[in-house]
Amino acid sequence: MGKKLEFLAFWAINDELLTDRACAQLDEMKRLGLTGVIFHPRNYTGKPEYLGQKYMELLSEIILYAKKLGLSFWLYDENGYPSGTASGKVLAENPSAKCMWLVYQGGKVVCQEKNAVSTLDKKVCRDFIRITFDGYQQGLKEEAFAYVSGVFSDEVGFLDGSNVSLKYGGVPWCEDMQERYQAKYGESIEDKLPLLFEDKEGYQQVRERYWELVTQILRENFYQPIHAWCARNHKKYTAHLKGEENIFFNLAYNGSPYQILKAVSVPAIDALERYPGNHYYPHIASSIARQFYDGSCLCEAMGGSGWGVSPKDFVAYMKWLVECGVNIFTFHLAQYNLKAQAIRDWPPSVPFHLSWKEAFSEALERIREYKEEVDESESGRERVLLVAPTRGCMREFVPDETAGINEHNGANVPDTTSGKISSAFGEMVERCYQNGILYDVTEEKILEEDAQFEEDGVRIGNMRYRNVIFGEGCCFHDQKWEQRRKEFQTEHKRTNVLPEGEAEGKKRNPDYRLLGEDVTEWKILEDKENQCLLELTKEGSTGGHCSIVFGQVQDLQDMHLVISDPVEWVKVNGHRITGSRTQGAWESYPVPAEQAKEESGGSQVLRIEVQTLEDGEKAPFLFLRGKFLVKSGRGYEEKEMLSGRSHREKGEAKQLYTQGDFFLTSDFGGVRPDALVQSGFPFRERPVLLEKKVQIPKDADYLSLSAFDGAAVRLRIGEEAPVWVFCADEYIRLPRKRDGGECLLRAELYPSTYNMYGPHHHMDGDRYLVSPAQYSGEKNFADASDSPPNTLVSGFHFVKLGLVANVGFFKKC
């Protein structure tokens, strides 16, 4: 059986560190089903000083509270990312530190540099470990430090973590590279440097040697010392790289992911966005974990998946990673303070600020159940070993070929020799997955240095393989492996690797026979608490205003404004109002009803003015809450985002679009349960409560909702305990003692969190990938390649919200 799954919060500490507030969030993590946390200073305010004495005292209390709750506790080794700077402390100690790289200009190799911390610099890496790792060991209380599970390093690569080939068209360099090359290969590299850029005689050997050496320097300077530190202090060490998605993409970030992650006791990957990716790169971490360690491997998951991610998306995504062998998950991000910056910071905030957070523990349980299915299906089966041609890609790599690649996921690999080698291996992996082959991955250097021939097989550490498939382009120095490669003809010796009797595809669900259908309308229960997003129009550098019209409003009582960030003051129709803030909550400003201003035509208007702080957030999120509906003066249209391209390919549903002119009304007549956004709940936060009575056929065993729009439904059948429904084609078991008759159904329909936090104005609406740039409108790698430079539109996008009347009753065949 595989290892038990662990679910960790990637806890983004972006405000003043307070023990009461932090411990309350640990309680919430425990309640929602998480098993641990990675403490991740991110946009940290410096209150108290990062790594200072007071910081360590507070953190010790927080760690010991996690211990009391039984939550594992990991430390992230940086304030922000990538790891290696100690929040600027390393550069302060090494003011002349520099990153260096080589470019090819006018037929000459030129060295360029900038003042920054380089992971190829042995001294600055040593200082980082002393400041950060020794700092935690010496600063935390002994009991707290002893409880820490391990340490997390993030996106450490050559130089300062950037892709030097993509950014500069160059290759990484360091001051002792020539000396290291001479010592390792017995020759100078100086006169061979042009071969890193030009295909001339001897270029393949030079490139292979260069990239393997620079990988070795990175591993020796950064990863191995931290691994050794963790081992001495009885801590686990986890780290993920950047650019793992394919061989070509990864090369200029860190050379060989296999050589790097071999120096990490809990190998990890980073999997962004909302939908499953390829079946290669998660296997790098899980394979190394099985081969060299205890099988534990981690994924930093769901970063940038957007506020529109649903439980259905979440579970499907996690199943992909479980199939790939990942067993520890940290969800990007759990925001300590949901201020405006955090809302836009590679959302969502998981699970604290999801509209459907109450369903989170159910989602985790479904993932655990799927893990049991996977373990059962893999039990007793042998794994095939797929050998990635890392060296083959290195030998043909030319830096300027990276120019068109997508820096998010490595898409658009060029149709060059190196790119073709990488793409061919990725395609081979996908064919293996589609044919039901159980596999691990490795590379040529691992085979030569760590593998042993055994009778009818090959052993790498803990794992033994009888079948080995070599990717096109694999290169070996050891003749026994070169001979073995020739024996296999790339992947074509596959006829015997499928287990006998193994069927392709997934198990089919049992058939269900429809016995009847109820089509009576759902009734919306009395719950008029609603909200409207108010967008400020800027006035100067620290001011802004907005207004909202009331139409047919009879009761302006119990309204209040909530603001995501502290502000200097708020005025309503010229009158300054006073707010209050509880720990960790948005500031709330009651709106006196008598201050509503009546204008011509009988309409009442609230004009709201906000003065932001001189050094504060200039675009806070602002909601008006009260008992009203929010109507659009221009109506809504259904719209396929991305002009019908990527969302349709990803299976995304249509969304709603309006030019706005929102106004408020207290006339609740005509609200449609199947069209709640259009009916007045476009920015809804809370679930909508609905009910209806149905006649259940005598022999029915199950019911199914024919369709719903939104994140999830919590359904209660009669007096039974409620159950979660994540998609309309789920079959919900009816109470066993029931034999037909009338029954009351009650449904809590949860809106998409996207409808609160957007980005509403991005041209693609609810995207499967969202970075901060989707809010500002600056085209970046998360956008479609043919998007305009400014990706914002004037109108608003929303995810549909509604529950269709039809409920079907079924008998299991």
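These numbers come from a predicted model, not from an experiment.

Student: Run through the side chain of N94, naming residues and quoting values.
Tutor: When you line up the elements, N94 lands in the loop between α3 (89–93) and β4 (98–105). Overall, N94 belongs to the buried group, its relative accessible area being 9%. Within the structure, the side chain of N94 is placed 2.9 Å from the side chain of D127, a separation counted as a polar contact. Once you skip the residues sitting within four places of it in the chain, N94 turns out to touch K123, V124 and D127.

Student: Could you give an account of the sheet that holds strand β12 (residues 384–388), naming the residues involved and the relevant values?
Tutor: The strand order β13-β12-β17 describes an open sheet built from three strands, whose pairing is parallel. Because the sheet does not close on itself, it has two edges, and the strands there are β13 (439–443) and β17 (468–470). With strand direction ignored, the average angle separating the axes of adjacent strands in the sheet is 25 degrees. With three bridges connecting them, β12 and β17 associate as parallel partners.

Student: Break down the packing of aromatic side chains for me, with residues and values.
Tutor: For the coordinates displayed, the defined rule picks out 54 aromatic pairs. Centroid distance F128 to F133: 5.9 Å. Interplanar angle 80 degrees. Geometry classified as edge-to-face. Of the two residues, F128 and F133, neither departs from the other in class, the shared state being buried. Between the aromatic rings of W586 and Y757, the centroid separation amounts to 6.4 Å while the plane-to-plane angle is 55 degrees, which identifies the pairing as tilted. Of this pair, W586 sits in the loop between β25 (575–577) and β26 (587–590) while Y757 sits in helix α21 (residues 754–757); the two residues are 171 residues apart in sequence, bridging distant segments of the chain. In this structure W586 comes out as buried when scored by relative accessible area, which is 16%.

Student: Talk me through the pairing of strand β34 (residues 688–696); I want residue IDs and the actual numbers.
Tutor: Burial along β34 is one-sided: the face carrying V688, L690, K692, V694 and I696 is buried and the face carrying L689, E691, K693 and Q695 is not. Bridge count for strand β19 (residues 523–524) against β34 is two bridges, and the pairing is antiparallel. Residue I524 lies in a different strand from β34, and its bridge partner there is L690. Pairing of β34 with strand β40 (residues 741–750) involves nine bridges; the strand directions are antiparallel. Pairing of I696 across the sheet is with G741, part of β40.

Student: Describe the nonpolar core, listing the residues and the values that go with them.
Tutor: Core analysis: the largest hydrophobic core is formed by 163 residues, its most contacted members being W11, Y223, F314, L321 and F331. No other element matches helix α8 (residues 203–232), which puts 13 residues into this core. Beyond its immediate sequence surroundings of up to four residues, Y223 is in contact with V156, L218, Y237, A239, L241, I260, A263 and V264. Residues L624, L664, L703 and L749 belong to the second largest nonpolar core, which totals 71 residues.

Student: Let's hear about the pairing of strand β14 (residues 451–454): which residues, and what values?
Tutor: The pairing of β14 with strand β15 (residues 457–460) spans four bridges and is antiparallel. Bridge assignment links E454 to a residue of β15, and that residue is G457. Counted along the chain from β14 to the antiparallel partner β15, the turn is two residues long, and its residue D456 has a positive phi close to 60 degrees.

Student: Tell me about unusual backbone geometry, and name the residues and values.
Tutor: The general pattern is negative phi for most residues beyond glycine and trans for most peptide bonds. Across the junction of Y81 and P82, the peptide omega takes the value -5 degrees, indicating a cis bond. Mapped onto the elements of the fold, P82 is located in the loop between β3 (72–76) and α3. Cis geometry is found at the peptide bond from G758 to P759, where omega equals 15 degrees. Not every positive phi belongs to a glycine, and N43 is a case in point at roughly 55 degrees. The topology assignment puts N43 in the loop between β2 (36–41) and α2 (53–69).

Student: I'd love a proper account of the sheet that holds β19, names of residues and values included.
Tutor: If you walk across this open sheet you meet the five strands as β19-β34-β40-β37-β38, and the pairing is antiparallel. One side of each edge strand has no neighbouring strand; the edge strands of this open sheet are β19 and β38 (723–725). One ladder, built from three bridges, connects strand β37 (residues 712–717) with β38; its direction is antiparallel. If you follow L715 over to β38, its bridge partner there is V723.

Student: For the state of the cysteines, give the residues involved together with the corresponding values.
Tutor: Under the counting rule described, the total for this entry stands at zero disulfides. Looking at the unpaired C125, the closest cysteine sulfur is the one in C99, lying at 10 Å. We note that C475 lacks a disulfide partner, and the nearest cysteine sulfur, in C474, lies 7.4 Å from it. Take C475: its relative accessible area is 17%, and that puts it in the buried class.

Student: A description of the side chain of T791 should follow, citing residues and the corresponding values.
Tutor: Positionally, T791 belongs in the loop between α22 (773–776) and β41 (796–798). Here the side chain of T791 touches H762 through a polar contact of 3.4 Å, side chain to side chain. Once residues within four sequence positions are removed from consideration, T791 is found in contact with H761, H762, M763, G777, E778, K779 and D783.

Student: Provide a residue-level description of helix α1 (residues 19–31), including the pertinent values.
Tutor: The terminal C-alpha atoms of α1, which comprises 13 residues, lie 18 Å apart, in line with the 18 Å expected from a rise of 1.5 Å per residue. When we look at burial in α1, the residues that qualify are T19, R21, A22, C23, Q25, L26, E28 and M29. Contact partners of the buried residues in α1: β1 (6–13), β2, α2 and β11 (328–335). Looking one or two places after α1, you find G33, whose phi comes out positive at around 100 degrees.

Student: Quick rundown of the confidence of the model for the chain? Include the residues and the values.
Tutor: Put simply, the chain has an average pLDDT of 92, and 93% of its residues get 70 or more. The low-confidence segment residues 490–508 (pLDDT under 50) makes 26 contacts with residues lying over four places distant or belonging to another chain. The low-confidence segment residues 642–651, where pLDDT is below 50, has 19 contacts with residues more than four positions distant or belonging to other chains.

Student: So what's going on with the pattern of salt bridges? Residues and values would help.
Tutor: Summed over the entire model, instances satisfying the criterion amount to 52 salt bridges. Close ionic contact of K357 with E28 constitutes a salt bridge, the shortest N to O distance being 2.7 Å. With K357 in the loop between α13 (340–343) and α14 (360–378) and E28 in helix α1, the pair connects residues that are 329 residues apart, well separated along the chain. Between E638 and K800 there is a salt bridge, with its nearest N and O atoms 2.9 Å apart. Taken as a pair, E638 in strand β31 (residues 637–639) and K800 in the loop between β41 and β42 (802–803) lie far apart in primary sequence, 162 residues in all. What makes E638 partly exposed here is its relative accessible area of 45%. Linked through salt bridges whose partners overlap, the residues forming this network are E208, E212, R391, R395, K445, E448 and E449.

Scoring rules and cut-offs
Residues numbered from 1 in each chain as written. Predicted model: local features only at pLDDT ≥ 70, side-chain atom pairs only at ≥ 80, totals over all residues. Heavy atoms only, no water. Helix = DSSP H or I, 4+ residues; strand = E, 2+ residues; numbered from the N terminus. Buried < 20%, exposed > 50% of the residue type's maximum accessible area, 1.4 Å probe, protein only. Polar contact = N/O pair within 3.5 Å; in protein donor to acceptor, adjacent residues only side chain to side chain. Contact = heavy atoms within 4.5 Å. Pairing = 2+ DSSP bridges. Axes fitted to C-alpha atoms, helices over the stretch in contact; angles between N-to-C directions. Phe/Tyr/Trp six-rings, centres within 6.5 Å; stacked < 30°, edge-to-face > 60°. Core = buried A, V, L, I, M, F, W, Y, C linked by side-chain atoms within 4.5 Å. Disulfide = S-S within 2.5 Å. Expected span 1.5 Å × (residues − 1). pLDDT = per-residue confidence, 0-100. Salt bridge = Lys/Arg side-chain N within 4 Å of Asp/Glu carboxyl O.

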